[in-house]
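Structural overview for review
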Amino acid sequence: MWRSSGRLPALLLPRCCFALRRKGGDGLFTGRSNGSRLKVAEALLDTTAKGQEIRNLPFKIKERHSLEYVRQFPHLRCKTNIFSSLLRIRSEASTAIHSFFKSNGFVHIHTPIITSNDCEGAGELFQIEPASKIAEKRDNTHFFDVPSFLTVSGQLHLEVMTGAFTQVYAFGPTFRAENSQTRRHLAEFYMVEAELAFTESLKDIMEVMETLFKITTSHILSNCPDDVELFHNTVAPGQKERMEQMLKNSFQVLSYTEAIDILQQSTETFKFEPKWGCDLQTEHENCLVRHCGNIPVFVVNYPYDIKPFYARDNQDHPQHTVAAVDLLVPGVGELCGGSLREERLDLLKSRLEEHGLKDTYHWYEELRQFGSVPHGGFGLGFERYLQCILGVENIKDVIPFPRFSHSCLL
């Protein structure tokens, strides 16, 4: 039990032992900074509750378990050293991200989790309906009168807010109904998204991406050195040096066309042939990062046909690209994706008609029709960021309760 004396608040006692030093043989500990004192007395008591035997605990006290092993026990793995370290790092990373945006004048927007929009246009959505309606197989009416889904991105709602604020951001859960169990995908994950008004250059967006990455990472290294060291020593040896390289060097920049040329000239064998007009695969992204010396690299100006309707047309025929950017990082591949948004109403209308979305996104046209400014933004996958800085291979090991196809434990 704990007994305190002096000015030490009782609520802080569970953590104060790390800031105390032993004094004399009387069993008293004295605070290093404020002279507070406490005494620790040990007593082993029998539990008064039933069924609390710990003989079958799946974790051995003197054994280091792999991340794959502890993943089987989502209700228990927070008790392990490695996962409690991960949770502290997640907490500090969240704090640093909010602090970065606040100190740079961004307004935090709570974008909705339930939406009638499909921002990505990929159709990988979880549709929302009352459980009773699904069970009874009722008629084709909807709870919200229109089909509604779990959000895949808060971007379009942030674009609405740029009509009132110069810089906005959101940080919350997003959902993808991808039938995938790879180490890179989750059905539920967290996204950091930002939108900047009065920008006509991808450089502005890239600058925010790079600064956010470096400031957040520096904050974590300063505030969680022991937790980060545990990962770098036991999970990903050599990751410390890779992190230092990323922080001290400026991120590289390649155009999509340059990236394709590099891939086509590479001696590596790819499962998917790199061709102009096709999206980059993970194997391509990792090759480009290695080509740049394992420094994060921005790939800019993607083909018009492979990016969403809202990306700004560069009008650079015959190639025809849009002002879009992806940030590729070592060990992960794509970490951030962003673009300038199409603010020219005539071009936006034409693009929506091409995709058959004119009726669905009539309100999006009105954002331009009733007064808009050049703007752009990006999204950063929070779990992929943690993978990058810690060297964790599987994304399921950097989130408290991973959700993916065929698995929703707890």
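None of the values given here were measured: they were computed from a predicted structure.

Some details on the nonpolar core
- The biggest cluster of nonpolar side chains holds 55 residues, and the ones touching the most others in it are Phe101 and Tyr385.
- Ignoring anything within four residues of it in the chain, the contact list for Tyr385 reads Ala93, Phe213, Thr216, Thr217, Ile220, Leu335 and Leu380.
- Membership of the second largest hydrophobic core comes to 20 residues, among which are Ile262, Cys292, Val299 and Tyr302.

Side note on the packing of aromatic side chains
- With the rule as written, the count across this model stands at 19 aromatic pairs.
- Ring geometry for Tyr256 against Trp276: centres 5.6 Å apart, planes inclined by 80°, an arrangement best described as edge-to-face. Of this pair, Tyr256 sits in helix 9 (residues 256-265) while Trp276 is found in the loop between helix 9 and helix 10 (282-291), placing the two residues 20 residues apart along the sequence.
- With a relative accessible area of 0%, Tyr256 lands in the buried category.
- With 5.3 Å between their ring centres and 45° between their planes, Tyr256 and Tyr302 make a pair best called tilted.

Looking at a nonpolar patch on the surface
- Taken together, the side chains of Ile113, Ile114, Phe143, Phe144 and Val146 define a hydrophobic patch exposed on the protein surface, amounting to about 460 Å² of accessible area.
- Within the fold, Ile114 resides in strand 6 (residues 114-115).
- By relative accessible area, which is 41% here, Ile114 ends up partly exposed.

Quick notes on the pairing of strand 12 (residues 321-329)
- Burial analysis of strand 12 places nine of its nine residues in the buried class, the great majority of the element.
- The pairing of strand 11 (residues 297-303) with strand 12 spans six bridges and is classified as antiparallel. In the sheet register, Val297 faces strand 12, and the bridge partner there is Leu328.
- Bridge analysis of strand 12 against strand 13 (residues 333-340) gives six bridges, and the strand direction is antiparallel. When the sheet's bridge partners are listed, Asp326 is paired in strand 13 with Gly337.

Looking at the pattern of salt bridges
- Per the stated rule, a full pass over the model turns up 14 salt bridges.
- Residues Glu342 and Arg344 are paired through a salt bridge, measuring 2.7 Å at the closest nitrogen-oxygen approach.
- What makes Glu342 buried here is its relative accessible area of 3%.
- Where Lys358 meets Glu365, a salt bridge forms, and the shortest distance between an N and an O atom there is 3.0 Å.
- We classify Lys358 as partly exposed; its relative accessible area is 29%.
- One network of salt bridges, with partners in common, ties together Arg71, Arg77 and Asp397.

Comments concerning the pairing of strand 8 (residues 167-175)
- In terms of burial, strand 8 is largely enclosed, as eight of its nine residues are buried.
- Pairing of strand 5 (residues 107-108) with strand 8, which is carried by two bridges, proceeds in the parallel orientation. Across the sheet, His108 pairs through a bridge with Tyr169, a residue of strand 8.
- Where strand 8 meets strand 9 (residues 188-197), nine bridges bridge the pair, whose relative direction is antiparallel. In the strand pairing of strand 9, Gln167 is matched with Leu196.

Thresholds applied
- Residues numbered from 1 in each chain as written.
- Predicted model: local features only at pLDDT ≥ 70, side-chain atom pairs only at ≥ 80, totals over all residues.
- Heavy atoms only, no water.
- Core = buried A, V, L, I, M, F, W, Y, C linked by side-chain atoms within 4.5 Å.
- Buried < 20%, exposed > 50% of the residue type's maximum accessible area, 1.4 Å probe, protein only.
- Contact = heavy atoms within 4.5 Å.
- Phe/Tyr/Trp six-rings, centres within 6.5 Å; stacked < 30°, edge-to-face > 60°.
- Helix = DSSP H or I, 4+ residues; strand = E, 2+ residues; numbered from the N terminus.
- Patch = residues over 30% accessible without salt bridge, like charges linked within 9 Å, V, L, I, M, F, W, Y side chains within 5 Å.
- Areas by Shrake-Rupley, 256 points an atom, 1.4 Å probe, with all protein chains shown as cover.
- Salt bridge = Lys/Arg side-chain N within 4 Å of Asp/Glu carboxyl O.
- Pairing = 2+ DSSP bridges.

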